[in-house]
Amino acid sequence: MCRIDRSCRPRALVAATVWRNVNRVALPKAAKLFSVANMTLAPALQNFYSTPAGMTAPGKHAAALVEVPTDLGALRETIQGIMIHEHWAPAYRIRLSEARKQQSHLRSTAQILDATFAKNPAPLTTVRPLYEKTVGVCRHFTLLTVAVLRQHGIPARSRCGFGSYFTLDTFEDHWVTEYWDDTRWKLMDSQIDPSQRAILHLTMDLHDVPRDRFIIAGDAWQRCRSGRSDPKDFGIFAMRGLWFIAGNVVRDAAALLNMEMLPWDMWGGMIEPEAAPTEEQLAFIDRLAELTLDVDNRFDELQTLDQDERLKVPATVHNAVLNRQDDVIL
């Protein structure tokens, strides 16, 4: 995600008031997530989240991922050494061509690595010059991090939600890695490099991002449905509201099932932009939010729900940025 000036974020106070009055419901408070030390991870979950699959499958590049160190600092530096964020490019004084921007629409790890090695066949640990880096967004940094950790047998998964560390008082669309450190799940932000950290004045541990600084999509949904937060505080650019949060809940659920889609992919049970959700849609996202916030205990339920066309990623999805139908290629 990029740093956004508040001037581009209309408050829409009337609409926000309507959302608060119409969509506020009494929901149980989310369970305290991963706050207990010395937790254990069920063998089935450990196997699922430590095995490259779906979007994290490296294709012919498995050996290249094995060469990447698993020291978290070195891992983040490696990812940052081969990727550049599309919307942060101006901060590095580089102008991206339209052709390079198209790389942000690559979905799978295999596709991203194909593009990376096509420009420079050197090992991934070799820092690329800016003009050779593969272009992506936060989701791509996260996906590659998860792919590396899984290639080394370390449980990891992508989480879609909102970061509170890009603007002063809003939660911006963002993705991070959730990895297992033998005692609990921790959040890691692989996108934030030293330059971004300085620009954003960040002091937090990027290998253990506090869960009030990155809000998982299901948590954001429950906060807004219960009236504890304003839906208009969640989104990106001028796109904000409950409909946007609902889309991220679906993306987070799909990511937990190895289908980390683009932040602008649309399919299934997502609510149309600015549309008022139906009761059926609200109930479906309510359930998804509950499952994604308690996935370790309710993983079987989430897997079963993957057969529901509202969650299951189809063969073709709508790319909202390019306004086209895209085939989903792993």
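Everything that follows concerns the structure shown earlier in this document.
Just so it is clear, the model here is predicted, and its values are computed rather than measured.

## A few points about the nonpolar core
Of all hydrophobic cores here, the largest spans 70 residues; its most connected members are Trp221, Ile245, Leu288, Leu302 and Leu311. Of the residues forming this core, the biggest block, ten residues, is contributed by helix 10 (residues 242-256). Those residues in contact with Ile245, other than ones at most four positions away along the chain, are Phe162, Ala217, Ala220, Trp221, Cys224, Pro231 and Phe234. Judged by nonpolar contacts, the second largest core, of 14 residues, contains Tyr165, Ile192, Leu202 and Leu293.

## Notes on empty space enclosed by the protein
A complete count under the given rule lists one cavity of 30 Å³ or more for this structure. Of the volumes computed, that of the largest cavity is approximately 30 Å³. Taken together, Leu65, Val68, Thr78, Ile79, Ile82, Leu113, Leu124, Leu144 and Val148 make up the full set of residues lining the largest cavity. Elements that contribute at least two residues to the lining of the largest cavity include exactly helix 4 (72-82) and helix 7 (138-151). The leading source of residues in the lining of the largest cavity is helix 4, at three residues.

## Some points on the sheet that holds strand 11 (residues 324-327)
Pairing is antiparallel in the open sheet, where three strands are placed in the order 9-10-11. Across the chains shown, the open sheet's two edge strands, defined by having one partner strand only, are strand 9 (265-266) and strand 11. In the sheet, strand 9 pairs with strand 10 (residues 316-319) via two bridges, with the strands oriented antiparallel. Looking at strand 10, one finds that Asp265 is bridged to Asn319.

## Concerning the layout of surface pockets
Taken as a whole, the largest pocket encloses approximately 500 Å³ of empty space. Looking at the lining of the largest pocket element by element, the count peaks at four residues for helix 10.

## Brief notes about the packing of aromatic side chains
What the rule picks out here adds up to ten aromatic pairs. Measuring from centroid to centroid gives 4.6 Å for Phe171 and Phe234, while their planes differ by 10°, and the two rings are stacked. Pair noted here: Phe171 is in strand 4 (residues 171-180) and Phe234 is in strand 7 (residues 234-236), with a separation of 63 residues, a long-range link. Neither Phe171 nor Phe234 differs from the other in exposure class; each is buried. Arg157 extends its terminal NZ or CZ atom over the ring of Tyr49, reaching a point 4.8 Å from the ring centre. Cation over ring: Arg157 sits above Trp185, and NZ or CZ is 3.7 Å from the ring centre.

## Structural notes on unusual backbone geometry
Non-glycine residue Asp182 carries a positive phi angle of around 85°. Structurally, Asp182 is set in the loop between strand 4 and strand 5 (185-188). For Asn258, which is not a glycine, the phi torsion comes out positive at approximately 75°. Structurally, Asn258 is set in the loop between helix 10 and strand 9.

## Brief notes about the side chain of Asn248
By the secondary structure assignment, Asn248 is in helix 10. A distance of 3.0 Å separates a polar atom in the side chain of Asn248 from a polar atom in the side chain of Arg251. Dropping the residues within four chain positions of it, Asn248 is found in contact with Cys160, Gly161, Phe162, Asp173 and Ala217.

## Quick look at the pattern of salt bridges
Tallied over the entire structure, the rule returns 19 salt bridges. A salt bridge links Glu178 to Arg211; its shortest N-O distance comes to 2.9 Å. In this pair, Glu178 sits in strand 4 while Arg211 sits in the loop between helix 8 (194-200) and strand 6 (214-216), placing the two residues 33 residues apart along the sequence. The class for Glu178 is buried, based on a relative accessible area of 0%. Arg211 sits in the partly exposed class, given a relative accessible area of 23%.

## Considering helix 6 (residues 109-119)
When helix 6 is considered as a whole, its buried residues turn out to be Thr109, Ala110, Ile112, Leu113, Ala115, Thr116 and Phe117. Buried positions along helix 6 lie against helix 3 (62-66), helix 4, strand 1 (83-85), strand 2 (134-136) and helix 7.

## Some points on the side chain of Thr170
Turning to its location among the elements, Thr170 is positioned in the loop between strand 3 (156-163) and strand 4. Within the structure, Thr170 has its side chain in polar contact with the side chain of Thr167 (distance 2.2 Å). Within polar-contact distance, the side chain of Thr170 engages the side chain of Glu172 at 2.4 Å.

## Some thoughts on the packing of helix 9 (residues 217-225) against helix 10
Packing of helix 9 against helix 10 leaves a shortest axis separation of 8 Å and a crossing angle of 145°. Classified by chirality, the crossing of helix 10 by helix 9 is left-handed. On helix 10, the residues that touch Ala217, Gly218, Ala220, Trp221, Cys224 and Arg225 of helix 9 are Leu242, Ile245, Ala246, Asn248, Val249 and Asp252. For the contact of helix 9 with helix 10, the class distribution of residues is eight nonpolar, two polar and two charged.

Reading guide: rules and limits
Residues numbered from 1 in each chain as written. Predicted model: local features only at pLDDT ≥ 70, side-chain atom pairs only at ≥ 80, totals over all residues. Heavy atoms only, no water. Core = buried A, V, L, I, M, F, W, Y, C linked by side-chain atoms within 4.5 Å. Buried < 20%, exposed > 50% of the residue type's maximum accessible area, 1.4 Å probe, protein only. Helix = DSSP H or I, 4+ residues; strand = E, 2+ residues; numbered from the N terminus. Contact = heavy atoms within 4.5 Å. 1 Å grid on protein atoms, 1.4 Å probe; cavity = no way out; pocket = protein on both sides within 12 Å on 5 of 7 lines; lining within 4 Å. Points joined across faces, edges and corners; volume = space filled by probe spheres on them. Pairing = 2+ DSSP bridges. Phe/Tyr/Trp six-rings, centres within 6.5 Å; stacked < 30°, edge-to-face > 60°. Lys NZ or Arg CZ within 6 Å of the ring centre and 35° of its normal. Polar contact = N/O pair within 3.5 Å; in protein donor to acceptor, adjacent residues only side chain to side chain. Salt bridge = Lys/Arg side-chain N within 4 Å of Asp/Glu carboxyl O. Axes fitted to C-alpha atoms, helices over the stretch in contact; angles between N-to-C directions. Left-handed = near helix turned anticlockwise from the far one by under 90°. Nonpolar A, V, L, I, M, F, W, Y, C, P; charged D, E, K, R; others polar.

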